[in-house]
Amino acid sequence: MDNKTLGPLIKNGYTKIALLPACLGAPIVCFLAIVGRKEWAVGLAFGLFLGFLDNLIMLMGVKKAMPYADDPKKGFKIQRRYRYYRIASAGTLIILLSRQGYDVCSAFIGLVLTHIFLIINFTIIAYRLKNKGT
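What you see is a predicted model; the values in this text were computed from it and never measured. (Residues numbered from 1 in each chain as written. Predicted model: local features only at pLDDT ≥ 70, side-chain atom pairs only at ≥ 80, totals over all residues. Heavy atoms only, no water.)

> Whenever I open this one, the packing of helix H2 (residues 26-35) against helix H3 (residues 38-65) confuses me. Can you help?
The packing of two helices is summarised by the inter-axis angle and the distance between the axes. In contact at an axis separation of 8 Å, H2 and H3 are set at 165 degrees when each is read in the N-to-C sense. Judged by the inter-axis angle, H2 sits roughly antiparallel to H3. The two elements H2 and H3 meet at a crossing, and its hand is left-handed. For the pair formed by H2 and H3, the contact residues are Ala26, Ile28, Val29, Leu32 and Ala33 on the first element and Lys38, Trp40, Ala41, Leu44, Ala45 and Leu48 on the second. (Axes fitted to C-alpha atoms, helices over the stretch in contact; angles between N-to-C directions. Helix = DSSP H or I, 4+ residues; strand = E, 2+ residues; numbered from the N terminus. Parallel < 35°, antiparallel > 145°, perpendicular 65-115°, else oblique. Left-handed = near helix turned anticlockwise from the far one by under 90°. Contact = heavy atoms within 4.5 Å.)

Right under this line is the structure:
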């Protein structure tokens, strides 16, 4: 692998890639708690946690599938299995939130917000890798 791919980053430190988007949402949670919207802050915090967990499972699946670059069918099979893990973990946490009476809508907003921050994070990493090679 050359230095213009995300492979080495995922092999060495995928937790940093997954943790940064969840931490970027923390000021929003603090702001909502200070303003007095505690139910939204709690739901958003759970959503950020759910997004972190989802990103972590996804990146772990990518890391497990990387050795099978020569056999893509096996890599896709691994990724499919991790997709089911993601769905199961998200479904379980959303059901638990709704059973405890928390706002599920703000949890979904936190989940989407974490994924938006992950895309921005990947864009920044790709830009740095592109400029580093040239």
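That was the structure; now back to the text.
> What exactly am I supposed to notice about the pattern of salt bridges here?
Per the counting criterion, the structure on display carries 2 salt bridges. One salt bridge in this structure joins arginine 37 and glutamate 39, with 3.8 Å as the shortest N-O distance. On the basis of relative accessibility, which here comes to 45%, the residue arginine 37 falls in the partly exposed class. Here arginine 86 ties to aspartate 54 by a salt bridge, and the two come within 2.6 Å at their closest N and O atoms. Here arginine 86 is found in helix H4 (residues 72-100), whereas its partner aspartate 54 is found in helix H3, with 32 residues between them in sequence. Classification of arginine 86 by relative accessible area gives partly exposed; the value is 24%. On the basis of relative accessibility, which here comes to 8%, the residue aspartate 54 falls in the buried class. (Salt bridge = Lys/Arg side-chain N within 4 Å of Asp/Glu carboxyl O. Buried < 20%, exposed > 50% of the residue type's maximum accessible area, 1.4 Å probe, protein only.)

> Explain a positive patch on the surface here, please?
On the surface, Lys63, Lys64, Lys74, Lys77, Arg80, Arg81 and Arg83 cluster together into a patch of positive charge. When residues of the positive patch are assigned to their parent elements, the largest contribution, 5 residues, is made by H4. Within the secondary structure, lysine 74 is located in helix H4. (Patch = residues over 30% accessible without salt bridge, like charges linked within 9 Å, V, L, I, M, F, W, Y side chains within 5 Å. Areas by Shrake-Rupley, 256 points an atom, 1.4 Å probe, with all protein chains shown as cover. Lys, Arg positive; Asp, Glu negative; His and termini not counted. Charge placed at Lys NZ, Arg CZ, Asp CG, Glu CD.)

> Sorry, what's going on with the packing of aromatic side chains here?
Ring pairs (aromatic) are described by centroid distance and by the angle formed between their planes. One pass over the structure, following the stated rule, counts 2 aromatic pairs. Ring plane angle 50 degrees and centroid distance 5.3 Å describe the contact between phenylalanine 46 and tyrosine 102, whose orientation is recorded as tilted. Taken together, the positions of phenylalanine 46 in helix H3 and tyrosine 102 in the loop between H4 and helix H5 (104-133) put the pair 56 residues apart, joining distant regions of the chain. Given a relative accessible area of 34%, phenylalanine 46 falls into the partly exposed group. We classify tyrosine 102 as partly exposed; its relative accessible area is 34%. A centroid spacing of 5.2 Å and a plane angle of 80 degrees characterise the contact between tyrosine 82 and tyrosine 85, whose relative ring orientation is edge-to-face. You can see tyrosine 82 and its partner tyrosine 85 sitting in helix H4, 3 residues apart, about one turn around the helix. Look at tyrosine 85 and you get partly exposed, because its relative accessible area is 41%. One residue, arginine 83, lies across the ring of tyrosine 84, its end atom 5.1 Å from the ring centre. (Phe/Tyr/Trp six-rings, centres within 6.5 Å; stacked < 30°, edge-to-face > 60°. Lys NZ or Arg CZ within 6 Å of the ring centre and 35° of its normal.)

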